[in-house]
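Geometric and topological summary
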Amino acid sequence: MIGIAILIGCILGAILGINAPMVSYTYSSYLAIAIIAALDSVFGGITSVIKKNFDLKIFITGFFGNAILSILLTILGQKLDVDIYLAAIVVFVGRMFTNLAIIRRYYVDKWSNRFINNEQGKDKN
């Protein structure tokens, strides 16, 4: 179910991305930090599905809350002439790598166990 939603989202994003106008340089930093924040929420959601404690309300509020907060940090940083958004990037990317490591370990263990079980089944025959 989640895989189908991810596939539909990727196809929709590709179609819209091809037909959408280019983002101006003025707004590119806002969009970049919002995308990083949203990706952090997506990886966190996948991790929570694996851990069997996914809550849609938490995911939606985190998705939009992280994106909005990161955009506001970028605006504040530009007003103060300080690159505050770099702190958000470090935090979000760090959490993305942590969640990706959890997801990777889960699937490596799952595939390893399947391979071991298949090998044990062949030995019995």
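All values derive from a computational prediction rather than experimental measurement. (Residues numbered from 1 in each chain as written. Predicted model: local features only at pLDDT ≥ 70, side-chain atom pairs only at ≥ 80, totals over all residues. Heavy atoms only, no water.)

1. Focus on the nonpolar core
Ile-33, Ile-36, Ala-37, Ala-88, Phe-92 and Met-96 form the largest nonpolar core, which has six residues in total. Of all the secondary structure elements, the ones that give two or more residues to this core are helix H2 (25-50) and helix H4 (85-124). Discounting chain neighbours no more than four positions away, the residues touching Ile-36 are Ile-89, Phe-92, Val-93 and Met-96. (Core = buried A, V, L, I, M, F, W, Y, C linked by side-chain atoms within 4.5 Å. Buried < 20%, exposed > 50% of the residue type's maximum accessible area, 1.4 Å probe, protein only. Helix = DSSP H or I, 4+ residues; strand = E, 2+ residues; numbered from the N terminus. Contact = heavy atoms within 4.5 Å.)

2. A word on the packing of H2 against helix H3 (residues 56-80)
For any two helices packed against each other, the geometry comes down to the angle between their axes and how far apart the axes lie. Contact pair H2 / H3: the axes reach a minimum separation of 8 Å and the direction vectors enclose 150°. Here H2 lies roughly antiparallel to H3, going by the angle between them. With respect to the hand of their crossing, H2 and H3 are arranged in right-handed fashion. In this structure, H2 contributes Ser-29, Tyr-30, Ile-33, Ala-34, Ala-37, Ala-38, Asp-40, Ser-41, Val-42 and Gly-45 to the contact, and H3 contributes Phe-59, Gly-62, Phe-63, Asn-66, Ala-67, Ser-70, Ile-71, Thr-74, Ile-75 and Gln-78. Residue composition of the contact of H2 with H3, grouped by class: 11 nonpolar, eight polar and one charged. (Axes fitted to C-alpha atoms, helices over the stretch in contact; angles between N-to-C directions. Parallel < 35°, antiparallel > 145°, perpendicular 65-115°, else oblique. Left-handed = near helix turned anticlockwise from the far one by under 90°. Nonpolar A, V, L, I, M, F, W, Y, C, P; charged D, E, K, R; others polar.)

3. A closer look at H3
Between the first and last C-alpha of H3 there are 36 Å, a value that for 25 residues agrees with the 36 Å anticipated at 1.5 Å per step. The complete set of buried residues in H3 reads Asn-66, Ala-67, Ser-70, Thr-74 and Gly-77. Directly beyond the C-terminal end of H3, a positive phi value near 60° is found at Asp-81. (Expected span 1.5 Å × (residues − 1).)

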